[in-house]
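Letter by letter, the chains look like this.
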Amino acid sequence: MFKPTMSKPVKTIHYDLANMTNTVKAGCYKVDVYEVSEQVLFMARQAIDHPYIAYIKSFLIPKVGLQITRWQLHDSNQISNYSFYDYYIDVGAVETLQGEWLLRDFYLDILVVANKAAYVLDTDEYLQGIQDGLLTSEETKFALETTHTLINGLAENGYNLEAWLQQKGINIDLGKLK
């Protein structure tokens, strides 16, 4: 059941291509790789001081309002919340500026187990953000429609994320995240 609490502010993640940095809530980190192709940004960087995650690789895709991430663990045999799925997807608005990309994260996240299942997370945070007025009506609608479009598209494609992206005209190699 939904229990009202105070919302976390909407996260804005900065991708500064000129300075090769990625700024998130936890800090500003040096990026090893930025690649832009066909209006898709690929990023790879170390995860500094994280107990489980050693490396982060992401695709930021403005056309569909998604950031697709895969983490590499310090120990590949380690069992954690990060090891039972293949892709972690953030839903939000992506803005491209000269030399910088921004993701305004609208709380809803999707975990994808390739060719098997998908799970929506953080619905409680999304609802709280709406209640606290942290999302506009346009952002609320965008987040919900984007999540439904992705979940339905994944189901129609046997939970094959790459196939769904190709249907949307987005041709990226998700193997690059491994």
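Placed above this text is the structure.
In short, a report on the structure. (Residues numbered from 1 in each chain as written. Predicted model: local features only at pLDDT ≥ 70, side-chain atom pairs only at ≥ 80, totals over all residues. Heavy atoms only, no water.)

## Remarks on unusual backbone geometry
Peptide bonds are mostly trans, and most non-glycine residues show a negative phi. Backbone geometry places Asp49, a non-glycine residue, at a positive phi of 60°. Looking at the element boundaries, Asp49 is found in the loop between strand 5 (40-46) and strand 6 (53-61). Phi angles above zero are rare outside glycine, and Asp122 is one such case at about 65°. Mapping Asp122 onto the fold places it in the loop between strand 10 (117-121) and helix 1 (123-131). Taking the relative accessible area as the measure of exposure, Asp122 reaches 24% and is therefore partly exposed. (Helix = DSSP H or I, 4+ residues; strand = E, 2+ residues; numbered from the N terminus. Buried < 20%, exposed > 50% of the residue type's maximum accessible area, 1.4 Å probe, protein only.)

## Focus: the nonpolar core
In terms of nonpolar packing, the biggest core is built from 31 residues, with Ile61, Ile68, Ile89, Leu161, Leu165 and Leu174 touching the most fellow members. If near-sequence neighbours (up to four positions away) are discounted, Ile61 is found in contact with Val40, Leu66, Ile68, Val94, Leu165, Ile170 and Ile172. Grouped together as the second largest cluster of nonpolar side chains are 19 residues, Ile13, Tyr34, Ile53 and Val94 included. (Core = buried A, V, L, I, M, F, W, Y, C linked by side-chain atoms within 4.5 Å. Contact = heavy atoms within 4.5 Å.)

## Focus: the packing of aromatic side chains
In total, this model carries five aromatic pairs according to the counting rule given. For the ring pair Phe42 and Phe59, a centre distance of 5.2 Å and an interplane angle of 55° mean the geometry is tilted. Of this pair, Phe42 sits in strand 5 while Phe59 sits in strand 6, and the two are 17 residues apart along the sequence. The rings of Trp71, Tyr85 and Tyr88 are connected pair by pair, giving a single aromatic cluster. (Phe/Tyr/Trp six-rings, centres within 6.5 Å; stacked < 30°, edge-to-face > 60°.)

## Things to note about the environment of Leu161
In this fold, Leu161 is placed in helix 3 (residues 161-167). Judged by its relative accessible area of 3%, Leu161 falls in the buried class. With 64 residues separating them along the chain, Leu161 and Leu97 place their C-alpha atoms 27 Å apart. Each residue touching Leu161, except ones within four places of it in the same chain, is listed here: Ile68, Tyr87, Ile89, Leu150, Leu154 and Leu174.

## Some thoughts on the pairing of strand 10
Sheet topology places strand 9 (residues 100-113) next to strand 10; five bridges connect them, and they run antiparallel. Along strand 10, the bridge assignment pairs Asp109 with Leu121. Where strand 9 hands over to strand 10, the hairpin turn is made up of three residues, of which Asn115 adopts a positive phi near 65°. (Pairing = 2+ DSSP bridges.)

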